[in-house]
Amino acid sequence: MSIAKILQERSSTRAFLDKPVAEETLNTIFGHAQLAASNCNVQPWQTCVVSGSTKDKLKAKFMETLMSGAAPNPDFNWTPKYQGVHRERQFGSANALYTSLGIPREDKKARQMAMIRNWQFFDAPHAVFFTMDKYLDIMGAVDLGIYAQSLGLLLNEHGISNCMQGALGQFPDPVREILQLPEERGILFGMSFGYADDSADANNTRTDRADIDTAVAFYD
Ligand SMILES: Cc1cc2nc3c(=O)[nH]c(=O)nc-3n(C[C@H](O)[C@H](O)[C@H](O)COP(=O)(O)O)c2cc1C
């Protein structure tokens, strides 16, 4: 499938079948993602793929953390408040999701519950944490973004759906604890993936994009 077709057909998936991806397929996909470009070829990504009991342990630890009322403490600067058109688009994407889930605007509790699904990995059989040495900061974040997009498209090429999740970088301590990562390792963000449950309302969510003339300028 062409990259253009994948981009036209893909959307973030937030409900999955209870069907793991074959190990051989995972090895092929992660092997190809390894070919992603990076600044000076430093390849800063340290990718942690969680499945099975490790994923279950993480989910339980996330739930415990959320229940304790702990505030998010991301390793990187993931806290700017969107302004202007960015804020409008942020609301647009949230509304698209809540509308497909049938959650009315004023039902804060239901919205919170939908948000919590992030840390349950939307019941996906697998999740990835995109991690890197903290000192790399924005330089490493650019490389991890390029790597993550490559991985997402490769998964789509194999019929495997996914959802990038900034939410998975919001509570890095449980991740470091369960995956036994050193303190100097930062958790940037994550992604849940697996085979989409096409019958789930969440997966009817569609977002739009601005026209290219508002985003791209060509200079002769
Ligand atoms: C870096 C990044 C972080 C994201 N974080 C989350 C998240 O925490 N939870 C979530 O449900 N979706 C998350 N998304 C998905 C976006 O909401 C989604 O990509 C956007 O609304 C466009 O919709 P589409 O992916 O269906 O085209 C994230 C996407 C990206 C690229």
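Quantities reported herein were computed from a predicted structural model and do not represent experimental measurements.

Enquirer: I'd like a description of a nonpolar patch on the surface, backed by residues and values.
Expert: Judged by side-chain polarity, I138, V142 and I146 come together as a nonpolar surface patch covering roughly 280 Å² of accessible area. With respect to the helices and strands, I138 occurs in helix α6 (residues 137-157).

Enquirer: Go over the UniProt feature "domain: Nitroreductase" (unreviewed entry) in the chain, please, and point to the residues and values.
Expert: Per the UniProt record, "domain: Nitroreductase" (unreviewed entry) is annotated on residues 8-195. Here residues 8-195 is 45% helix and 15% strand, with 18 Å between the C-alpha atoms at its ends.

Enquirer: I'd like a description of the pairing of strand β2 (residues 126-133), backed by residues and values.
Expert: Counting buried positions over the 8 residues of β2 gives 7, a clear majority of the element. Across 6 bridges, the pairing between strand β1 (residues 46-51) and β2 is antiparallel. What sits directly across from C48, in β2, is F129. Looking at chain direction, β2 and strand β4 (residues 185-194) are connected through 8 bridges and run antiparallel. Each residue of the ladder has a partner; that of V128, found in β4, is M191.

Enquirer: Hey, could you go over the pairing of β4 for me, with residue numbers and the actual values?
Expert: Of all the 10 residues making up β4, 10 are buried; the element is thus mostly covered by neighbouring parts of the structure. Judged from the 5 bridges that link them, strand β3 (residues 161-165) and β4 form a sheet pairing that is antiparallel. Residue C163 lies in a different strand from β4, and its bridge partner there is S192.

Enquirer: Outline the side chain of N162, listing residues and values.
Expert: Following the sequence through the fold, N162 ends up in strand β3. Here N162 falls in the buried class, since its relative accessible area comes to 5%. A polar side-chain atom of N162 sits 3.3 Å from the main-chain carbonyl oxygen of G152. Setting aside anything within four residues of it in sequence, one finds N162 in contact with S11, S12, T13, F16, G152, L155, N156, M191, S192 and F193.

Enquirer: Account for unusual backbone geometry, with residues named and values stated.
Expert: Even without being a glycine, C40 presents a positive backbone phi close to 55°. Among the residues examined, C40 registers a relative accessible area of 70% and is labelled exposed. The phi angle at Q180 is positive, at roughly 55°, despite the residue not being glycine. Mapped onto the secondary structure, Q180 falls in the loop between α7 (172-179) and β4.

Basis of the calculations
- Residues numbered from 1 in each chain as written.
- Predicted model: local features only at pLDDT ≥ 70, side-chain atom pairs only at ≥ 80, totals over all residues.
- Heavy atoms only, no water.
- Patch = residues over 30% accessible without salt bridge, like charges linked within 9 Å, V, L, I, M, F, W, Y side chains within 5 Å.
- Areas by Shrake-Rupley, 256 points an atom, 1.4 Å probe, with all protein chains shown as cover.
- Salt bridge = Lys/Arg side-chain N within 4 Å of Asp/Glu carboxyl O.
- Helix = DSSP H or I, 4+ residues; strand = E, 2+ residues; numbered from the N terminus.
- UniProt positions renumbered as here; feature names shortened; annotations may be inferred.
- Buried < 20%, exposed > 50% of the residue type's maximum accessible area, 1.4 Å probe, protein only.
- Pairing = 2+ DSSP bridges.
- Polar contact = N/O pair within 3.5 Å; in protein donor to acceptor, adjacent residues only side chain to side chain.
- Contact = heavy atoms within 4.5 Å.

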